[in-house]
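Next come the chains, spelled out residue by residue.
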Amino acid sequence: MTLTRARRLHLLASLAVAGALSALLWNGLDMAATHPALAGAALALFGVNALWLSAAAVTALTGFWVLRTSPVAGTLAGAPFTPQPATSQCAILWLVCGEPPEPLARRIAALIAGLERTGQAQSCTVFVLSDTTDTKALDREKAALAPFSTRIIWRNRSAPEGRKPGNLHDWLKAHGDRFDTMLVLDADSGFSAARLAQMRAAMAADPQLGLVQAAIALRPGHSRIAAMQRLSARLCGPVFAHGLAHLSGDAGNYWGHNALLRVAAFAMVAQLAPLSGRPPFGGPVLSHDFVEAALMRAAGWGVCISPDARGSFEDAPESVSGHLRRDRRWAQGNLQHIRLIGRHGLHPASRLHFLAGIHSYLSAPIWLALVLLMGSGAVHANAQAVWSLLGALLVLLVPKFMGVAAGRGALRRAARRRVLGRALVAELWLTTLFAPIGMLRRSGFLLALLAGKDAGWQPSGQAGGAARFTGRGEQLAAGAILASVLTPQVMIGTPATALLSAAMVLPVVGPLLAAPWLIGWLDAPARDDPVARYYDASTARFLAVGGTGAALAIHRPLWAQGITCTQAAAAHANDLIANAALAALGRAPHHVCDLGCGVGGSLFHLARLWPDTSMAGITLSAQQVRLGRMHARALGLEQQCRFVQSDFTQPMDLPRADLVLAIESHVHIDSAARFLEAARSHLAPGGVLVVVDDMLARPDDHLSPRERALVRTFRKGWRLGHVTAQSTFIAQAQALGYTSLATHDLNALLRLNRMRDHALRYAGPVADWLGLSRFAIFANMVGGNALTQAYRAGIMTYSMVVLRAPDTAKTNQGRVTQRMNAA
């Protein structure tokens, strides 16, 4: 299908759906009891919002179709394609303004390592362009970035002018003539070197391509509001991004960061003139990125959206106040585009990007006006009107359902279907609760702008002292809405009609009345992961009891021949992993990633063996991250060893590792297959995965009922997601493209007749019978005893499995570079 035809079909389908919804509302209005002007206003307002709801739904459907039918959807953005190293010079620009520098330093380290691994180190230069003005924040920034003094160029503007555009314009004047392309990143942006290489190759293949905007994934946050935003992005983002990219073609958009720009193209539009008049509708253009993309396209440069979000990250606001402050600034920036949308020479698609941004902030007051008009009885409706509202709700849900349907691979497995189902329900619940607050605040933003109040520009790093939203204003607004709805009904109607009107607006008024509590609840940390809670409560005890604490190990000691002390026995697993890696790679690895790293004992052991290797550990436990970082500082390894609190099945900006290890951690995932998929996402092509863990000696269907019960008790006590047979684990790995290199049965190196093992034989069943396994200390006993009994019965085997990841670089050698999005 040609791009022109796709755009026509999109327009016709959007108009058809919006027309149908409007017709349903027309059928539901009591025209005899409603003034024609009010009925016309309600229909017009509903029609405008219905059109944009329909356009979003059709865009998501287009994205779903692209994902299902296009053989190259996401190819240039994903790991399978490895381009030849680019010979042009690329500047990587991180723009900061008071944000915490330590996470930035970790992201810089990861990208530099990736540049070296992908052969781009000589053709890329990293700049940190700082507008930080606070003295203490500036000192902290310098200290965090000091280790990279020979690897990056850091400069601070003592008198920053022009905000972010001014910062970029100053860089262009000083350095622009040395570079062909520039990757623009915000302080919280993460970007992989492999993704950059692919985008550079796409730009090198098309001399008229001026900008490639990467889709952006949100990192896992700590609060419920952050989880809500991430859930929405993960459900709707892929289908919507692919649909938008397909329909935009070479007239895409720019979101201000995580984008590769051709320096020559950007230099033509970099110095935007301020709008005439005073802010908020005049003055500096706040949402300058949309304008820069539109002007670039008008000048003849291609502007493409790369719809795959792999390797491209940012953080979501962690509080309702942070989310709304950002939204207030975006509201002013997008509504300024009203003055630019008619500018001569713009591409029609660029005007639509402007229009979409403008409408996103006009839709809220439109919905609020419809609530007041219909709830108060100013516009009379009959029972048939409910069909228009249900239709609008269904259209609103289309992008979410398409997002679920697009994950068809995950839908084949019952466990993944349950996960997706829970995610969909959670996202719908959270967004439904938050929607009235967002609607009210966006309506307030519009009123503030019309009153001439300027939001200004306050970077996230300097917003710490800003006032927080308490929700009291929402409660007052809820009272006003109720009064405006009930008063006319009480005066001219009956108590029954008044109650009916109140019930109609309850989905809006309810969350507003509960806003103080709701905002606090959304700002609070999301529900603790049971595995994280287990290790937060147990790690100190694991280190103190059993004798392995001196090695900073919380895995079982292995008593090989010649080992006489517990510390050496605890370290023996690390030596086995190191030997396996050297045998498989033929060299020391460049990057090591420990999935479920504990407090870092294995990483520190390997760091002493390989001082030039970068180490990263991932754990769900905040306590383990704190202890790991503390021990790294004490050992002088803080620059070599990095600790990340996260679920290792989630995307993150760590460099791909040529050695990934998992000691007694893979069993915490709900299935071996899911663990293997997650591990593959952390492995470089041809990298080595070493798993040391408890596995079944034979498949589950070969166990007796009593043996299965013992395994269930072990899983319950130690909070395990699965226990898989070694043979099944290897078969699943091979099905995913891994090569099995070696397996080792380590049972003979375990000691199962210690005094504590005999004590647990009695304490474990008693604790389980009393129902105490919900407490971590008793759960240790219950699970530990069940495991020991399983070993004695020959049900379990303590195994080391060595696998090689598929070498996708060789598999896909010779693949031809295609233009972004295949549009």
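Residues numbered from 1 in each chain as written. Predicted model: local features only at pLDDT ≥ 70, side-chain atom pairs only at ≥ 80, totals over all residues. Heavy atoms only, no water.

Enquirer: Please set out the side chain of Asp-693 residue by residue, giving values where relevant.
Expert: Of note, Asp-693 is situated in strand 15 (residues 683–696). For Asp-693, which is buried and forms no salt bridge, the nearest opposite charge comes from Arg-556, at a distance of 5.2 Å. Within the structure, the side chain of Asp-693 is placed 3.1 Å from the backbone nitrogen of Ser-665, a separation counted as a polar contact. Not counting residues within four places of it along the chain, the set of residues in contact with Asp-693 comprises Glu-664, Ser-665, His-666, Val-667, Thr-797, Tyr-798 and Ser-799. (Helix = DSSP H or I, 4+ residues; strand = E, 2+ residues; numbered from the N terminus. Buried < 20%, exposed > 50% of the residue type's maximum accessible area, 1.4 Å probe, protein only. Lys, Arg positive; Asp, Glu negative; His and termini not counted. Salt bridge = Lys/Arg side-chain N within 4 Å of Asp/Glu carboxyl O. Polar contact = N/O pair within 3.5 Å; in protein donor to acceptor, adjacent residues only side chain to side chain. Contact = heavy atoms within 4.5 Å.)

Enquirer: Hey, could you go over helix 9 (residues 288–298) for me, with residue numbers and the actual values?
Expert: Within helix 9, ten of the eleven residues are buried, which leaves it mostly tucked inside the rest of the structure. Those residues of helix 9 that sit buried are His-288, Asp-289, Phe-290, Val-291, Glu-292, Ala-293, Ala-294, Leu-295, Met-296 and Arg-297. Positive phi shows up at Gly-300, right after helix 9, with a value of about 100°.

Enquirer: An account of the layout of surface pockets is needed here, citing residue identities and associated values.
Expert: Taken as a whole, the second largest pocket holds about 1100 Å³ of empty space. Along the walls of the second largest pocket sit 37 residues, with Ala-109, Glu-638, Gln-639, Gln-640 and Arg-642 positioned nearest its centre. Among the secondary structure elements, those contributing two or more residues to the lining of the second largest pocket are helix 3 (101–117), helix 4 (135–145), strand 11 (591–595), strand 12 (614–619), helix 21 (622–635) and strand 13 (641–645). For the lining of the second largest pocket, the leading source of residues is helix 3, giving ten residues. (1 Å grid on protein atoms, 1.4 Å probe; cavity = no way out; pocket = protein on both sides within 12 Å on 5 of 7 lines; lining within 4 Å. Points joined across faces, edges and corners; volume = space filled by probe spheres on them.)

Enquirer: I'd like a description of the pattern of salt bridges, backed by residues and values.
Expert: Enumeration according to the criterion identifies 18 salt bridges in this entry. Note that Arg-151 is salt-bridged to Glu-116, the shortest N-O span being 2.3 Å. Highlighted residues: Arg-151 in the loop between helix 4 and strand 3 (152–156) and Glu-116 in helix 3, separated in sequence by 35 residues. For Arg-556, the salt bridge identified is with Asp-694, shortest N-O distance 2.6 Å. Of the two residues, Arg-556 sits in the loop between helix 18 (530–544) and helix 19 (566–585) while Asp-694 sits in strand 15, which places them 138 residues apart along the sequence. With respect to burial, Arg-556 and Asp-694 carry one shared label: buried. Look at the salt bridges and you will find they share partners, linking Asp-131, Arg-157, Asp-170 and Lys-173 into a network.

Enquirer: Can you tell me about the sheet that holds strand 15, naming the residues and giving the values?
Expert: Overall, mixed pairing links the seven strands, which are arranged 13-12-11-14-15-17-16 in an open sheet. Here the strands that pair on one side only, and so sit at the sheet edges, are strand 13 and strand 16 (739–745). Averaged over all pairs of adjacent strands, the angle between their axes in this sheet comes to 15°, without regard to strand direction. (Pairing = 2+ DSSP bridges. Axes fitted to C-alpha atoms, helices over the stretch in contact; angles between N-to-C directions.)

Enquirer: Kindly report on the packing of helix 18 against helix 21, identifying the contributing residues and their values.
Expert: Think of two packed helices as two axes; the pair is described by the angle between the axes and how far apart they sit. Running from N to C, helix 18 and helix 21 point in directions that differ by 45°, and their axes come no closer than 7 Å. When the interaxial angle is binned, helix 18 and helix 21 end up oblique. Residues Tyr-535, Asp-536, Thr-539 and Leu-543 of helix 18 form the contact with helix 21, whose participating residues are Ala-622, Gln-623, Gln-624 and Leu-627. In terms of residue class, the contact of helix 18 with helix 21 is made up of four nonpolar, three polar and one charged. (Parallel < 35°, antiparallel > 145°, perpendicular 65-115°, else oblique. Nonpolar A, V, L, I, M, F, W, Y, C, P; charged D, E, K, R; others polar.)

Enquirer: I'd like a description of the nonpolar core, backed by residues and values.
Expert: Of all hydrophobic cores here, the largest spans 56 residues; its most connected members are Leu-659, Val-690 and Met-796. Examining the composition of this core, we find that eight residues originate from one element, helix 19, more than from any other. Among all residues touching Leu-659, those that are not within four sequence positions of it are Ile-577, Ala-581, Pro-589, His-591, Val-592, Cys-593, Trp-610, Val-688 and Val-690. Grouped together as the second largest cluster of nonpolar side chains are 33 residues, Ala-265, Val-285, Phe-290 and Ala-293 included. (Core = buried A, V, L, I, M, F, W, Y, C linked by side-chain atoms within 4.5 Å.)

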